[in-house]
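Chain by chain, the residues run as shown.
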Amino acid sequence: MDSNVVVRSSSPPSHEGIRKVLTAIKLFLVLVVFGGCVLLYVVMPTNTYKQIWQPRIRAKANSSTYFGSQGANLLVFTFPIMLIAVMGCVYLHLGKKLNDYKMETEGKTNRFAMWKQPMLVKGPLGIVSGIELTFFIMFIALLIWSISTYLTNGFNKITPQSAAKSHEKVWEAKLESASLRLGLVGNICLALLFFPVARGSSILPLFGLTSEASIKYHIWLGNIVMVLFTAHGICYIIYWAVTDQIFQMIKWEKTDISNVAGELSLLSGLAMWVTTIPRIRRKMFELFFYTHYLYIPFMVFFIFHVGVSYAGIMLPGFFLFVVDRYLRFLQSGRRARLVSARVLPGESLELNFAKSPGLKYNPTSVMFINVPSISKLQWHPFTVTSNSNLELEKISVVIKGEGSWTRKLYQVLSSPSTSDRIEAAVEGPYGPAATHFLRHDTLVLVSGGSGITPFISIIRELIFMSKAYQCKLPKVTLICAFKHSSDLTMLDLILPMSTTTPYDISNLQIKIEAYVTREKFKDNSMNLRATWFKPLATDEPVSAILGANHWLWLGLIIASSFLMFLILIGIITRYYIYPIDHNSNKIFSFPLRALFNMLAICISIAATASAAVLWNKRSNAKELKQVQHIEASLPRVSEVYNAERELENLPQQSLVQATNVHYGQRPDLKRILFECKGSSVGVLASGPKKMRHEVATICSSGLAENMHFESISFSW
């Protein structure tokens with residue numbers, strides 16, 4: 001066997017057929033459909049599109065008595081993206097069936113290795129790979145192309161004679177034209193704004209992305225959107241002021257652009273934008289969190305402002321976000337069964353929830369948790385540290401007390417008078433569709449503080465694979481830095497808490513280098529406390545909201561809800577709007593038409609998603625009944641374990657032997673990384689920004705071509 005290849009087992013012929021189907025689906029969706037959408041946005045500002053393509057499309061699509069003037073945009077902008085979303089669900093379902101750990105040869109992985117390396121480390125964009133930087137430059141080029149083409153074509157139509165007819169000067173006419181074009185270009189960014197924040201997206205995985213890793217794209221897009229929309233609004237206000245039309249600011253036209261709605265939308269956006277300033281977000285996270293709910297009036301008034309026909313350009317991203325948001329709402333309505341907690345020194349916690357055995361997730365997944373006794377509205381994301389293959393009936397997260405919410409939770413659980421039950425709700429877990437860290441023959445995991453949590457999930461995955469499969473696993477070096485020696489107890493969480501057979505880690509080549517930066521001696525008064533709770537019968541194990549065939553059900557919801565939306569709009573347009581527009585002297589109210597469309601979207605999504613969830617709840621009832629009440633076989637009182645006594649079982653002894661603790665110093669990351677041997681060294685960094693930037697700088701220096709860097713950062 002080639003030393004650069006890791007193989008799980010030979011694939012059956014059916015799997016080869018599935019791979020061919022997956023390749024065909026991905027090529028069709030990415031190259032044909034998505035490529036066509038990109039081409040459309042490139043051509044859209046040109047006279048060719050406006051004078052030739054658009055009239056022909058509108059002549060056929062807008063002539064329908066069922067969709068009216070919005071038919072063209074539904075066909076051109078909405079349908080292709082919905083097709084990608086539905087087919088993406090099929091792609092992910094088939095990919096999940098493979099459940100394959102087969103690795104590619106290093107020759108193949110090196111094709112894009114250089115492009116995945118960090119190209120920018122320090123700066124407003126954060127850590128940016130070559131691929132990300134390339135697409136970012138291409139996107140900025142698209143925006144520059146669009147605004148320059150719009151302005152050129154618009155200014156060419158403005159002459160002294162045309163301006164005089166409107167009782168304007170030439171520069172005033174050009175200012176009005178530029179103001180409009182700024183808004184048009186802003187809509188391009190708005191069309192993409194909601195894709196990264198759909199946590200259960202079926203589109204992001206097609207491009208190898210996850211929602212938590214794509215938050216930075218949402219931040220980039222949000223900043224560009226607000227710059228363009230703010231410039232759009234300010235330019236119009238200046239234009240109205242110099243042309244004595246300031247009264248336009250309070251106009252709400254029933255059959256034209258509504259300026260008041262645009263202003264309300266902009267004010268909502270500005271309020272959100274101000275709270276995203278890093279200093280405000282860090283120090284007043286609650287303000288940032290609650291202010292972001294203003295996305296609802298932002299979008300509602302935006303649709304009122306531009307009209308429902310033009311809103312079809314940004315409809316796909318928002319539609320898919322609403323589907324995802326409603327499914328999250330349904331899942332969050334359930335009370336999760338919190339079984340136990342391990343309270344660690346250093347204000348750290350491990351929460352253990354009961355889960356359905358059918359719930360599967362990959363390492364580095366994230367779960368959102370709400371504890372109503374602390375805050376009924378706040379949801380916080382935490383890395384899932386458990387492994388769905390090792391721990392069939394339990395899902396765990398580790399929480400570090402670094403904010404007001406987490407500190408309150410720690411105080412509640414560390415109190416001697418802890419309640420027998422802590423009410424909690426969860427959303428997720430959400431994570432990558434596949435694991436890529438197994439492609440390397442050496443893994444270097446660099447963490448700072450609570451950044452160790454995603455690496456716990458990776459190590460547990462390797463423990464499972466070493467036990468279940470005959471395959472070559474990568475060598476693992478875990479470099480973890482903590483401020484205080486009390487935080488060393490987080491290393492005890494690497495192995496799951498087992499009440500039966502201890503886990504065998506003898507086949508796993510692992511070395512742990514732990515650094516305590518602010519203390520020079522060990523604190524021997526470190527105790528762990530395990531607390532078991534008594535959940536109510538109504539508390540449910542954490543389970544997939546749409547069952548084992550989640551992706552198929554999601555595709556069905558997207559397709560059926562969009563079809564239901566088209567049917568509802570078709571009926572309303574044909575039998576209510578069309579008769580008024582064409583059989584009377586009146587023009588149907590634009591805001592009312594927009595309201596009908598928004599109601600149709602909400603009704604369609606709520607009806608189809610609720611039906612799918614109820615169906616799965618009934619079909620999964622048997623499985624949920626089979627889930628044992630784990631607390632029945634566990635102690636019902638709090639027990640205190642000395643940290644060193646907990647290390648006495650054999651697996652923990654193996655970990656202790658593999659661990660070197662360094663007091664009063666920081667890791668020499670450059671030396672450690674350059675000493676790593678192997679044709680492919682995967683370097684994963686998780687923790688403080690400064691540390692991740694340091695690791696990224698070392699990996700991108702070009703001094704070691706075998707390093708492949710990945711930053712794990714959760715910027716929710």
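Residues numbered from 1 in each chain as written. Predicted model: local features only at pLDDT ≥ 70, side-chain atom pairs only at ≥ 80, totals over all residues. Heavy atoms only, no water.

Engineer: Whenever I open this one, the confidence of the model for the protein chain confuses me. Can you help?
Structural biologist: Interpreting fine coordinate detail is not advised for predicted regions of low pLDDT. In this model, the protein chain carries an average pLDDT of 83, and 87% of its residues clear a pLDDT of 70 or more. Within the protein chain, the lowest mean pLDDT, 42, falls on strand 13 (residues 639-642), and the highest, 95, falls on helix 10 (residues 259-275). Segment residues 1-10 is flagged for pLDDT under 50; beyond a separation of four residues in sequence, or across chains, it makes 23 contacts in the model. For the stretch residues 628-650, pLDDT sits under 50, and the model shows 47 contacts to residues farther than four places along the chain or on other chains. (pLDDT = per-residue confidence, 0-100. Helix = DSSP H or I, 4+ residues; strand = E, 2+ residues; numbered from the N terminus. Contact = heavy atoms within 4.5 Å.)

Engineer: Sorry if this is basic, but what is going on with the pairing of strand 3 (residues 338-344) here?
Structural biologist: One face of the sheet, then the other: side chains in a regular strand alternate in exactly this way. Within strand 3, 7 of the 7 residues are buried, which leaves it mostly tucked inside the rest of the structure. Here strand 3 folds back onto strand 4 (residues 348-354), and the loop between the two strands holds 3 residues, one of which, Gly346, carries a positive phi near 75 degrees. (Buried < 20%, exposed > 50% of the residue type's maximum accessible area, 1.4 Å probe, protein only. Pairing = 2+ DSSP bridges.)

Engineer: Looking at this structure, how should I read the sheet that holds strand 11 (residues 510-516)?
Structural biologist: Hydrogen bonds between backbone groups are what pair the strands of a sheet, and the pairing can be parallel or antiparallel. Strands sit in the order 14-11-10-9-15-16 across an open sheet of 6 strands; the sheet is parallel. The open sheet has two edge strands, strand 14 (659-663) and strand 16 (707-712), and neither has a second partner. Each adjacent strand pair in this sheet contributes to an overall mean axis angle of 15 degrees, direction not counted. Of the pairings in the sheet, the one linking strand 10 (residues 475-482) to strand 11 comprises 7 bridges and is parallel in character. When the bridges of strand 11 are listed, Leu478 appears paired with Ile512. Sheet strands in contact with helix 17 (residues 453-468) are strand 9 (442-448), strand 10, strand 11, strand 15 (681-686) and strand 16, and its direction is about 150 degrees off that of strand 9. (Axes fitted to C-alpha atoms, helices over the stretch in contact; angles between N-to-C directions.)

Engineer: Mind showing me how you'd approach unusual backbone geometry here?
Structural biologist: Most peptide bonds adopt trans geometry, and most residues besides glycine take a negative phi value. Gly428 connects to Pro429 through a cis peptide bond whose omega is 5 degrees. You can see Pro429 is positioned in strand 8 (residues 425-430). In the Ramachandran plot, His167 falls in the positive-phi region, its phi being about 60 degrees despite a non-glycine side chain. With respect to the helices, strands and loops of the structure, His167 is situated in the loop between helix 7 (160-165) and helix 8 (170-193). The exposure class of His167 is exposed, given its relative accessible area of 74%. For Thr364, which is not glycine, the phi dihedral falls at a positive 70 degrees. Positionally, Thr364 belongs in the loop between strand 4 and strand 5 (366-370). With a relative accessible area of 14%, Thr364 lands in the buried category.

Engineer: Which parts of the structure should I look at to understand helix 6 (residues 130-156)?
Structural biologist: In an α-helix, one full turn covers 3.6 residues, which means residues spaced three or four apart are oriented alike. If you check helix 6, its first and last C-alpha atoms are 38 Å apart, about what 27 residues at 1.5 Å a residue would give, namely 39 Å. Looking only at helix 6, the buried set comprises Gly130, Glu132, Leu133, Phe139, Leu142, Leu143, Ser146, Thr149, Tyr150, Asn153 and Gly154. (Expected span 1.5 Å × (residues − 1).)

Engineer: Explain the packing of aromatic side chains here, please?
Structural biologist: Each aromatic ring pair is described using two quantities: the centre-to-centre distance and the angle formed by the ring planes. Inspection of every chain in the model, using the stated rule, returns 24 aromatic pairs. Look at Trp252 and Phe304: their rings are 5.9 Å apart centre to centre, the planes differ by 55 degrees, and that puts the pair in the tilted class. Separated by 52 residues along the polypeptide, Trp252 in the loop between helix 9 (211-242) and helix 10 and Phe304 in helix 13 (residues 295-306) bring together distant segments of the chain. Judged by its relative accessible area of 35%, Trp252 is partly exposed. A centroid spacing of 6.0 Å and a plane angle of 90 degrees characterise the contact between Phe319 and Phe562, whose relative ring orientation is edge-to-face. Taken together, the residues Phe319 in helix 15 (residues 315-332) and Phe562 in helix 18 (residues 550-583) connect sequence positions 243 residues apart. For the pair formed by Phe319 and Phe562, the shared burial category is buried. (Phe/Tyr/Trp six-rings, centres within 6.5 Å; stacked < 30°, edge-to-face > 60°.)

Engineer: What am I meant to see in the packing of helix 9 against helix 10 here?
Structural biologist: Geometry of a packed helix pair, given as the angle between the helix axes and the separation of the axes. Where helix 9 contacts helix 10, the axes come no closer than 10 Å and their chain directions differ by 135 degrees. One element, helix 9, and the other, helix 10, form an angle in the oblique class. Handedness of the crossing formed by helix 9 with helix 10: left-handed. Seen from helix 9, the contacting residues are Asn223, Met226, Val227, Phe229, Thr230, Gly233 and Trp240; seen from helix 10, they are Asn259, Glu263, Leu266, Gly269, Leu270 and Trp273. Residues belonging to the contact of helix 9 with helix 10 are distributed by class as follows: 7 nonpolar, 5 polar and 1 charged. (Parallel < 35°, antiparallel > 145°, perpendicular 65-115°, else oblique. Left-handed = near helix turned anticlockwise from the far one by under 90°. Nonpolar A, V, L, I, M, F, W, Y, C, P; charged D, E, K, R; others polar.)

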